[in-house]
Structures are given as C-alpha cells and as structure tokens.
Amino acid sequence: MKKFQDYADEIYTCSRCGLCQSVCPVFEATGKETTVSRGFFSTLMGVVKGHLKFNKKLSKNINMCLTCNKCNAFCPSGIDASKIITSARAECMEFTPLWKKLILRVFYSKMFLNFAGMVKLYLLFPVLNFTSFGKLIYEFLSPEVKYKKQISSKKSDLKVVVFPGCINKYFNASSLNAMRMLFEKEGIEYTLPDFHCCTMPAYSAGDMDNFQKFARKNLSLIPRDVDYVLFDCASCKHAFELYTRILEGDDLALAKEVYSKCKHINEFLLEENIELPVLSGDVAYHKPCHMDCPDKTIELMTKSGLDITPIEDSCCGSGGLFFIENFTLSNALAKKRAQEIKNVNADAIFTDCPLCRLGLLKGLILSKINKKVLNFIEIVAKKI
Ligand code: SF4
Ligand code: SF4
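Scope of this entry: the structure provided in the associated data block. From a predicted model like this one, the values you see are computed outputs, not experimental measurements.

### Structural notes on the packing of aromatic side chains
Evaluated as defined, the whole model comprises 13 aromatic pairs. Look at Phe 163 and Phe 195: their rings are 4.7 Å apart centre to centre, the planes differ by 45°, and that puts the pair in the tilted class. With a gap of 32 residues between them, Phe 163 in strand β1 (residues 159-163) and Phe 195 in the loop between β2 (189-191) and α12 (200-205) connect regions that are remote in the sequence. The residues Phe 163 and Phe 195 share a single accessibility class, namely buried.

### Thoughts on the pairing of strand β3 (residues 228-231)
Burial of β3 is two-sided: the residues Tyr 228 and Leu 230 facing one way and the residues Val 229 and Phe 231 facing the other way are all buried. Pairing analysis gives four bridges linking β1 to β3, with the strands arranged parallel. Residue Val 160 lies in a different strand from β3, and its bridge partner there is Tyr 228. Summarising the sheet, β3 and strand β4 (residues 262-264) pair through three bridges and their orientation is parallel. Bridge pairing links Leu 230 to Lys 263 in β4.

### Points about the sheet that holds strand β5 (residues 282-285)
Judged by pairing direction, the sheet is parallel, and its four strands sit side by side in the order β6-β5-β7-β8 without closing on themselves. Strands at the two margins of the open sheet, each flanked by one partner only, are β6 (307-309) and β8 (372-374). Neighbour to neighbour, the strand axes of the sheet diverge by 35° on average, direction disregarded. Sheet analysis places strand β7 (residues 348-350) next to β8, joined by three bridges and oriented parallel. When the bridges of β8 are listed, Phe 350 appears paired with Leu 374.

Rules of the game
- Residues numbered from 1 in each chain as written.
- Chains lettered and ligands numbered in written order.
- Predicted model: local features only at pLDDT ≥ 70, side-chain atom pairs only at ≥ 80, totals over all residues.
- Heavy atoms only, no water.
- Phe/Tyr/Trp six-rings, centres within 6.5 Å; stacked < 30°, edge-to-face > 60°.
- Helix = DSSP H or I, 4+ residues; strand = E, 2+ residues; numbered from the N terminus.
- Buried < 20%, exposed > 50% of the residue type's maximum accessible area, 1.4 Å probe, protein only.
- Pairing = 2+ DSSP bridges.
- Axes fitted to C-alpha atoms, helices over the stretch in contact; angles between N-to-C directions.

Laid out in structure tokens, this is it:
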C-alpha cells in the first residue's frame, strides 16, 4: 500500500492552474483556497519538504475534502486528490477526535451496529417527528418496501451473493428487501453471508489497518463458485474496488478475483436482461460520486419506462463522516442540491447510496421541499 511520502512526485505535478476550483463543491461553498486540491497540495508540499508537520489543525483541514473525485476528473495533470488526501489522513490518525473514533468503533463491531440499528424503534413514535431533524430520521428509517416472500416457478442458473452494506442491513432494509423479492421472483439463488461493514468509513478517515482487516474478512466470506457479488450501494462497491488497490499478495489476488464478479444491481439487471415491470413517471437521478455505472443505470430506468429529467452532477455533501465533521458546511451543500432538484420537474429522486439518500433528504427537508428519495430497485419491487 502506498504511503503519503510515496505521493511526493504526484503532489509536485500540480501546476497550480486552479482549474480544480471550478468543480470543487467545498471551494464553491467556502471560497477558501485551503479547502480545494490546489490548496491541500500547497500545504502537503510543505509536509513533503519537511517545512510543516502533520498536526491537529492540519488534520482538521484535510478532513474538509469530500473525496468526491470531482477535481480528479477535471485536473489537467490527472492528479487523484482523493487518494493523496486519504494517505495524508492515514498519517493524521493520531489526531482523530474521540467522537470520530467512537463512530468508527461502531462500524467495526456487528454488536455495536446491531445496537445502533435499534434507532429504528424511533419509527414507533412518529410523534417525535416534529422537528426537521426528527422528520429526517423518520424518513430515513422508514422502509418503502417490506419484505414479502415471492413464490415463482421460474428457475435461473445464476447464483449470486448480496452485499447489503451496514445501513441497509441494520437501519433500513428497504432496498435489500426489494432485491431479495426480485431474486425470488426470478428464481435466482442468492445468499447473504454475515458480512462486516465494507469499511468505507475507515478508509475515508484514513484508518488503513482496520480497512485492510475488514476487507480480508469480507472477501473470505464470499463463496468462490458464485456468478456475481451484487450491491445496491455505490460506495460499498467502490470499497471492493479499493480492496484491489490496497491489499497485497494472496489477499490482492482474491480481491481481484472477487471484484471481477462485483456488479451494482442496476448493471446486473440491465446486462442479464432481467424482465422488469413497466414503470412511468418523471424522476431525477442523483449520481453518487462513487457510482461507476451511471450510464447503465439511466439506460435501465429509461428502458423500464421512466422519464429521466437531467440534473446537474453535484455532490450531496455527505461524504464519509464529512456530514458530521463539517456539519454546517454539509447542510449548506445539501440545501444547494435540494434547490437544484426543486428546479427540475421530477416526482421523485433516485439514487444508489444510502448516505446520498440521507444527504438529499436532509437538503429537501431543510428546504421544505416534499419529494421522495428512493433506490430504483425499490420501485421495481413495489410493482411485482
Ligand atoms: S486542477 Fe490539478 S493541476 Fe490544476 S491546481 Fe488543481 S490539482 Fe493542481
Ligand atoms: S475531492 Fe471533491 S471535495 Fe475534495 S478537493 Fe476534490 S473536488 Fe474538492
């Protein structure tokens, strides 16, 4: 695994053109040079040269990046800022605040996740739903699809593993329910191993030791004879791609083998030509920053009969633990996204990451805009 110092040459290749400023959502909101890749690289160059040392203040600063990759796609020097910033965060682990360490602990333990998942009991008390925050929790936890066993005469040869991710498994199982119902209807054999968190929160915090530890555990739980490993969360799938960049030796070989079978559910439905119900309506699609098959997703939704309203490709402002760590800034970004959504003619917003759903719901609720945020598969399951 490459360490921060290994990126010295890449940091030096920044030509200081400033083009990253035009796409960085954080820079757009703050207007501060210190919160965009060019500014991060100026500071990090100081560390590389030995003029600066990592410290608490610097750690706080580099955690103001959403790792959204918007600048990477635009940078004429082709610098992957997210990768470099994450490696710098790894060097800053000793300055991680206690609250963040505690949240990461929750993601590292199924027992704590089960315990945290009890927040679902909130749904029993809709009366609590009288503040924006209460409404947000209520909406976020309310399942659109409740699981109903499907009996079907269809029999598919496909064998799949489902990676549900922590939010879908412990907090709101709606899209997991939807996937299970669709597989049962299509006669697709599926298994749900008792996975750990994909550990994206650890990665984005720079906790590489735990990221690698849980990556190995998750990979070991996947039977070798399956055709696909399926995800309904773009970020969990991205984590499996990161396994192939960060693990080494035999672990790397296994990560690559598994990743060759990984697909987002939308990509799977399109490529396997799974018969879907006919849908109708105007919807907008929010592409999560880590979504690797947005074109196939739009093709699938269009094929099913939905009218997709174009919407700007911008970040919801959640990004790992950014939405807690940079609370006010994250809210401002979410509200800006909500205004972009308000300006288009769409009955609902579709997205593919529970954290994006949280960010979008937050923006909509804070802006008093009443629209649902769903995963495409949930609408499919409601029609079967
Ligand atoms: S766009 Fe790339 S090369 Fe230009 S200032 Fe930003 S990081 Fe540096
Ligand atoms: S990754 Fe996103 S938030 Fe971070 S510097 Fe680049 S554009 Fe800004």
